[in-house]
Amino acid sequence: MSPTEPFSQPRREAWWRRMSRRMDRASLSFSEQVRDVVLLRRDLDESFWDDLLQVLVGADCGLPVAERLVDRLRTRVREERMTSAEEALRALKAEMLAVLEARDRRLRIVAVPTVVIMVGVNGSGKTTTIGKLAHRLQSEGRMVLIAAADTFRAAAIDQMRLWADRSATEVIAHQPGGDPGAVVYDALQAAVARGIDVVLVDTAGRLHTKVNLMAELIKVRNVARRVIPKAPHETLLVIEAPTGMNAIAQARVFHEALGLTGIVLTKLDGTSRGGTVLAIEEDLGVPVKLVGLGEGIDDLNVFDPRAYLDALFAGVLEAPGSAPGPATPAPAKPGAPKPATPKSGAAKPGSAHR
């Protein structure tokens with residue numbers, strides 16, 4: 001793979017089959033609501049549309065997205081003369097897929113070095129995500145360097161080194177409590193000198209001083225630009241999928257300060273609602289680019305809308321075999337469909353490996 005080739009291919013069909021199993025909780029919650037208030041309807045009357053809107057809002061799609069999906073679906077049902085709830089649900093899935101596939105989800109590795117700044121509150125999974133991303137980039141033949149610029153959190157540097165060791169990635173770090181801008185400056189100078197392909201920058205999610213976090217992150221960004229004028233090439237916000245709609249307010253603050261280019265959703269397997277992706281992207285206009293399922297070094301992948309929706313709808317609809325291919329590259333054959341009544345026990349995060 002060329003150092004400047006966009007990082008865009010979903011990896012390993014088996015990974016997405018595993019995601020389908022790990023999303024049992026989200027799929028069960030969604031499918032139960034669909035069966036109880038939608039699928040048993042005999043008529044596509046006004047109460048059907050009201051109930052469907054409630055299901056989508058309850059799945060954390062957000063009201064604006066839910067209303068737009070229902071409006072589009074009503075038009076499609078009328079034009080195609082659908083008469084059954086199952087037909088309408090298949091059309092709903094197709095409408096959701098169209099919304100998700102309209103966004104460019106490629107991680108842009110477009111320069112040498114490409115600078116990727118990872119931001120997010122403490123506990124969201126920034127450090128582990130950087131370790132997993134470094135592992136994947138290294139396995140594709142790219143030279144990676146990590147800048148441990150979260151100098152405020154106790155043991156953050158040690159944790160970053162631990163994950164870097166797992167991926168055989170070098171870390172540039174200073175003493176705890178040091179200037180994060182200086183760490184980034186040294187890391188980028190080293191990257192330029194060595195011809196490094198990608199620099200992954202860890203940042204603080206909370207400060208123990210009176211310094212404003214966003215001001216400190218803006219400083220880190222500006223330092224990066226002094227060394228690499230077009231840096232950062234990606235600014236990724238790491239958030240936990242289970243936080244649902246609560247993550248949007250958090251994301252807005254980071255987006256307004258830094259201009260996010262993408263979202264990384266962690267703990268996707270632990271969420272009990274399936275519409276979070278749609279709501280976040282609608283509110284921010286920023287695509288989900290990467291998703292994580294657990295704590296394993298391989299538990300990070302490019303977000304694949306088709307496989308995601310197959311997993312979400314697994315409890316009520318079988319994965320379509322002849323639907324048109326997605327705009328974002330996806331596995332040729334999505335994972336096998338699950339039985340109509342999924343098991344309620346979701347796998348524990350990190351329990352599945354390659």
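Residues numbered from 1 in each chain as written. Predicted model: local features only at pLDDT ≥ 70, side-chain atom pairs only at ≥ 80, totals over all residues. Heavy atoms only, no water.

Structural notes on the overall build of the protein chain
Step number 1: The helix and strand inventory of the protein chain stands at 12 helices and eight strands.
Step number 2: Within the protein chain, the proportion of its 354 residues that are buried is 55%.
Step number 3: Residue pairs at least 24 apart in sequence account for 80% of intrachain contacts in the protein chain once pairs closer than 6 positions are excluded.
Step number 4: With the model as given, the accessible surface of the protein chain reaches about 14900 Å², and the carbon-plus-sulfur share is 51%. (Helix = DSSP H or I, 4+ residues; strand = E, 2+ residues; numbered from the N terminus. Buried < 20%, exposed > 50% of the residue type's maximum accessible area, 1.4 Å probe, protein only. Contact = heavy atoms within 4.5 Å. Areas by Shrake-Rupley, 256 points an atom, 1.4 Å probe, with all protein chains shown as cover.)

A word on the pairing of strand S2 (residues 144-148)
Along a regular strand, successive side chains alternate from one face of the sheet to the other.
Step number 1: Burial of S2 is extensive: five of the five residues sit out of reach of the surface.
Step number 2: Along S2, one buried face is formed by Val-144, Ile-146 and Ala-148 and the opposite face, lined by Leu-145 and Ala-147, is buried too.
Step number 3: Judged from the five bridges that link them, S2 and strand S4 (residues 198-202) form a sheet pairing that is parallel. If you follow Ala-147 over to S4, its bridge partner there is Val-201. (Pairing = 2+ DSSP bridges.)

Here's the deal with the nonpolar core
Step number 1: Ranked by size, the top nonpolar core spans 82 residues in total, and within it Leu-52, Leu-92, Val-201, Phe-254, Ile-263, Leu-265 and Phe-313 carry the most contacts.
Step number 2: The element best represented in this core is helix H5 (residues 85-101), accounting for nine residues.
Step number 3: Leaving out residues up to four positions away in the same chain, Phe-313 has contacts with Phe-30, Leu-89, Leu-92, Lys-93 and Met-96.
Step number 4: Met-118, Ile-157, Trp-163 and Val-171 belong to the second-largest nonpolar core, a separate cluster that totals 25 residues. (Core = buried A, V, L, I, M, F, W, Y, C linked by side-chain atoms within 4.5 Å.)

Observations concerning the packing of helix H10 (residues 246-258) against helix H11 (residues 276-284)
Step number 1: Contact pair H10 / H11: the axes reach a minimum separation of 10 Å and the direction vectors enclose 35 degrees. Between H10 and H11 the crossing geometry is right-handed. Between H10 and H11, the contacting residues are Ile-248, Ala-251, Arg-252 and His-255 on the first element and Ala-279, Ile-280, Asp-283 and Leu-284 on the second.
Step number 2: Among the residues forming the contact of H10 with H11, the class breakdown is five nonpolar, one polar and two charged. (Axes fitted to C-alpha atoms, helices over the stretch in contact; angles between N-to-C directions. Left-handed = near helix turned anticlockwise from the far one by under 90°. Nonpolar A, V, L, I, M, F, W, Y, C, P; charged D, E, K, R; others polar.)

So, the packing of aromatic side chains
Step number 1: Tallied over the full model, the rule gives two aromatic pairs.
Step number 2: Aromatic side chains Phe-48 and Trp-49 sit 4.9 Å apart centroid to centroid with 85 degrees between the ring planes, which places their arrangement in the edge-to-face category.
Step number 3: A relative accessible area of 0% places Phe-48 in the buried class.
Step number 4: Trp-49 gets classed as buried once you look at its relative accessible area, which sits at 6%.
Step number 5: For Arg-166, the ring lying beneath its charged end belongs to Trp-163, and the centroid distance is 4.4 Å. (Phe/Tyr/Trp six-rings, centres within 6.5 Å; stacked < 30°, edge-to-face > 60°. Lys NZ or Arg CZ within 6 Å of the ring centre and 35° of its normal.)

Overview of the sheet that holds strand S1 (residues 114-119)
Step number 1: Read across the open sheet, the eight strands follow the order S3-S2-S4-S1-S5-S6-S7-S8; overall the sheet is mixed. The sheet terminates laterally at strand S3 (170-172) and strand S8 (300-302), the two strands that pair on one side only. For this sheet, the mean angle separating the axes of adjacent strands, direction not counted, is 25 degrees.
Step number 2: Strand direction decides the pairing type here: S1 and S4, joined by four bridges, are parallel.

Considerations on the pattern of salt bridges
Step number 1: Using the criterion set out here, one finds 18 salt bridges in the structure.
Step number 2: Residue Asp-104 is joined to Arg-106 by a salt bridge in which the shortest nitrogen-to-oxygen separation is 2.9 Å.
Step number 3: By relative accessible area, Asp-104 is classed as partly exposed at 34%.
Step number 4: Across the salt bridge formed by Asp-150 and Arg-153, the nearest N and O atoms sit 3.3 Å from each other.
Step number 5: With relative accessibility at 3%, the residue Asp-150 sits in the buried group.
Step number 6: With relative accessibility at 23%, the residue Arg-153 sits in the partly exposed group. (Salt bridge = Lys/Arg side-chain N within 4 Å of Asp/Glu carboxyl O.)

What about the side chain of Ser-124?
Step number 1: Along the chain, the position of Ser-124 falls in the loop between S1 and helix H6 (126-139).
Step number 2: A polar contact of 2.8 Å, which involves the side chain of Ser-124, links it to the backbone oxygen of Val-121.
Step number 3: At 3.2 Å, the side chain of Ser-124 and the backbone oxygen of Val-238 are in polar contact. (Polar contact = N/O pair within 3.5 Å; in protein donor to acceptor, adjacent residues only side chain to side chain.)

Regarding unusual backbone geometry
Step number 1: Along the chain, Val-112 connects to Pro-113 via a cis peptide bond; the corresponding omega equals 0 degrees.
Step number 2: With respect to the helices, strands and loops of the structure, Pro-113 is situated in the loop between H5 and S1.
Step number 3: Residue Pro-232 is reached from Ala-231 by a cis peptide bond, and omega for that bond is -10 degrees.
Step number 4: Relative to the elements of secondary structure, Pro-232 occurs in the loop between helix H9 (213-227) and strand S5 (234-240).

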